[in-house]
Structure formats: structure tokens, C-alpha cells
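So you can see what is in the structure, the chains are spelled out below.
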Amino acid sequence: MLRSGCSRILGLGQQGKQAQSQALLRFYHERVVDHYNNPRNVGSFDKNDPDVGTGLVGAPACGDVMKLQIKVDDQTGKIVDACFKTFGCGSAIASSSVATEWVKGKQTEEVLSIKNTEIAKHLSLPPVKLHCSMLAEDAIKAAVKDYEAKRAKTE
């Protein structure tokens with residue numbers, strides 16, 4: 001979506017991904033472009049798996065929707081894997097990608113301290129794109145909450 005929109009705006013037509021990426025570099029920080037072109041951990045887990053927590057959040061103002069999932073080792077409480085699917089702009093995709101990288105290997109309680117401001121700073125998001133990093137923070141919290149609710153049912 002971002003690629004096609006930028007292509008239309010910039011008149012790139014079918015010149016290829018390299019030309020589009022170079023055009024995006026003018027508008028986004030290189031980390032955003034990297035995570036957009038090479039997103040980490042795209043995918044999904046079985047939401048019915050008791051070791052999986054799913055966070056689904058959205059921003060009605062811009063239409064971004066983010067699903068972030070964590071897979072937790074029940075014995076240690078450590079997040080062993082994470083994945084995401086995001087429908088949104090490059091900043092939303094990059095924020096999701098960064099969030100999944102940052103939560104892996106951490107305790108569920110520890111990831112609750114990840115703040116949107118840290119994600120925004122890491123990606124050098126402009127103020128108009130801060131809502132993307134807020135979605136990532138909210139998705140992390142929602143995934144942990146979902147996992148903990150599943151655990152409470154089984155105990």
C-alpha cells in the first residue's frame with residue numbers, strides 16, 4: 001500500500017523496488033525503510049494455543065491495524081518467539097517489526113516497560129507518526145494481557 005501510494009505520488013510507475021526505496025528514504029529514516037522492506041517476524045501463531053498471547057489494536061483515525069503475537073515458555077515466563085501482521089503505513093509496519101524483535105527473550109513483565117517513545121526514538125519517527133509506535137506499545141500490552149488471561153483459565 002505504501003509502495004503503490006508513493007509510486008503514484010512520485011510518478012514512479014513500474015520502475016522497481018529500488019527506485020521506490022530511494023524515494024522512501026527521502027521521507028522516512030533508514031531504519032523505517034529497512035524494517036518496511038525487510039520486516040522481521042511477519043506471520044501468525046495459532047491464537048488458540050495456550051502459550052500464545054494475541055494483541056489486536058487499531059487506530060481509527062488513520063486505519064492502521066496491528067496484530068502482534070507472543071509465544072511464551074510456560075515454565076520460565078520468557079517470550080520465546082513473536083510475530084506480527086500489520087495493515088498500515090511504513091511506520092506502523094516498522095514499529096511492529098521492531099516490537100517483535102525487542103520482546104523476544106524477555107520476561108512478560110519486562111516487555112510491559114517498553115514504551116512507544118523508545119520505539120519512536122529508535123526509528124526516528126516524526127511527531128505525525130507517533131501513533132504508530134503507540135500502537136506497537138498497546139499491542140505488546142494486549143498480547144501479554146491475553147496470554148495472562150489464558151493462563152488464569154487453566155489454573
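Relevant structure appears above.
Residue positions within a chain follow its written sequence, with the count starting from 1. This being a predicted model, a pLDDT of at least 70 is required before a residue's local features are given, and a value of 80 or more before pairs of side-chain atoms are given or counted; all residues contribute to the totals for chains, interfaces and linings. Side-chain measures here rest on the full set of heavy atoms in the structure, leaving out hydrogens and waters.

**Student:** Is there a simple way to think about the nonpolar core in this case?
**Tutor:** The nonpolar side chains of a soluble globular protein tend to be buried, and buried together. Residues enter a nonpolar core if they are buried and are Ala, Val, Leu, Ile, Met, Phe, Trp, Tyr or Cys, with the set joined through side-chain atoms within 4.5 Å. Relative accessibility decides the category of a residue: with a 1.4 Å probe and only protein chains considered, values under 20% of the type maximum give buried, values over 50% give exposed, and everything between is partly exposed. In this structure, Leu-68, Ile-70, Val-103, Val-111, Leu-123 and Ile-140 are the most contacted members of the largest nonpolar core, which totals 31 residues. The helix count covers DSSP runs of H or I at least four residues long, the strand count covers runs of E at least two residues long, and both are numbered beginning at the N terminus. Contributing elements (two or more residues each) for this core: α3 (30-37), β1 (52-59), β2 (64-72), β3 (79-87), α4 (90-103), α6 (116-123) and α7 (130-154). When residues in this core are grouped by element, the largest group, eight residues, is from α7. Contacts of Val-111, omitting those with residues within four sequence positions, involve Ile-79, Val-103, Lys-106, Ile-140 and Val-144. Whether two residues are in contact is decided by their heavy atoms, any of which lying within 4.5 Å being enough.

**Student:** Help me understand the sheet that holds β1 in this model?
**Tutor:** Paired through backbone hydrogen bonds, the strands of a sheet run either parallel or antiparallel to each other. Reading across from one edge, β1-β2-β3 is the order of the three strands in this open sheet, with antiparallel pairing throughout. Two strands in the sheet have a free side with no partner beyond their single neighbour: β1 and β3. Ignoring which end each strand starts from, the neighbouring axes of this sheet average 15° apart. Whether two strands pair depends on DSSP finding at least two bridges between them. Strand direction decides the pairing type here: β2 and β3, joined by eight bridges, are antiparallel. Bridged to Lys-71 within β3 is Asp-81. With axes taken as lines fitted to C-alpha atoms, and helix axes fitted only over the stretch in contact, angles between N-to-C directions fall between 0 and 180 degrees. Strands in contact with α4 are β2 and β3; relative to β3, the strand with the most contacts, it is inclined by about 175°. Sitting on the sheet, α7 is in contact with β1 and β2, with an inclination near 145° to β1.

**Student:** How should I be thinking about a nonpolar patch on the surface in this particular structure?
**Tutor:** A cluster of nonpolar side chains, contributed by Leu-56, Val-65 and Phe-87, occupies part of the molecular surface with about 310 Å² of accessible area. With respect to the element layout, Phe-87 can be found in strand β3. Nonpolar side chains (Val, Leu, Ile, Met, Phe, Trp, Tyr) within 5 Å and like charges within 9 Å form the patches, drawn only from residues with over 30% relative accessible area and no salt bridge. Residue exposure ignores everything except the shown protein chains as possible cover, and the areas themselves are Shrake-Rupley values with a 1.4 Å probe. Salt bridge, as used here, is a side-chain nitrogen of Lys or Arg placed within 4 Å of a carboxyl oxygen of Asp or Glu.

**Student:** Help me out: how do you make sense of the packing of aromatic side chains in this one?
**Tutor:** Note on aromatic pairs: each is described by the distance of the centres and the angle between the planes. In summary, the pairing rule links any two rings of Phe, Tyr or Trp, Trp by its six-membered ring, whose centres are within 6.5 Å, and it sorts them by plane angle into stacked for under 30 degrees, edge-to-face for over 60 and tilted for everything else. By the definition in use, this model includes zero aromatic pairs. Both a distance and an angle decide whether a charge sits over a ring: NZ of Lys or CZ of Arg must be within 6 Å of the ring centre and within 35 degrees of the ring normal. When the ring centre of Phe-45 is taken as origin, the NZ or CZ atom of Lys-71, which lies over that ring, is 4.9 Å away.

**Student:** Can you walk me through α4 in this structure?
**Tutor:** Because an α-helix packs 3.6 residues into every turn, residues spaced three or four apart end up facing the same way. Compared with the 20 Å implied by 1.5 Å per residue over 14 residues, the 20 Å span of α4 between its first and last C-alpha is a close match. In terms of burial, α4 is a largely internal element, 12 of the 14 residues being buried. Every buried residue of α4 is accounted for by Gly-90, Ser-91, Ala-92, Ile-93, Ala-94, Ser-95, Ser-96, Ser-97, Val-98, Ala-99, Thr-100 and Val-103. Gly-105 sits one or two residues past α4 and shows a positive phi near 85°. What a helix should span is 1.5 Å times the count of its residues minus one.

**Student:** Would you explain the pattern of salt bridges in this entry?
**Tutor:** Side-chain pairing between opposite charges can occur once the charged atoms of the two side chains come close. Enumeration over the complete set of coordinates arrives at six salt bridges. The residue Glu-101 makes a salt bridge to Arg-40 at a minimum N-O spacing of 3.5 Å. Placement of the pair is Glu-101 in helix α4 and Arg-40 in the loop between α3 and β1, with a sequence separation of 61 residues. Judged by relative accessible area, Arg-40 falls into the partly exposed class, the value being 23%. The partner of Asp-81 in a salt bridge is Lys-104, and the shortest N-O contact between them spans 3.5 Å. Here Asp-81 is found in strand β3, whereas its partner Lys-104 is found in the loop between α4 and α5 (108-111), with 23 residues between them in sequence.

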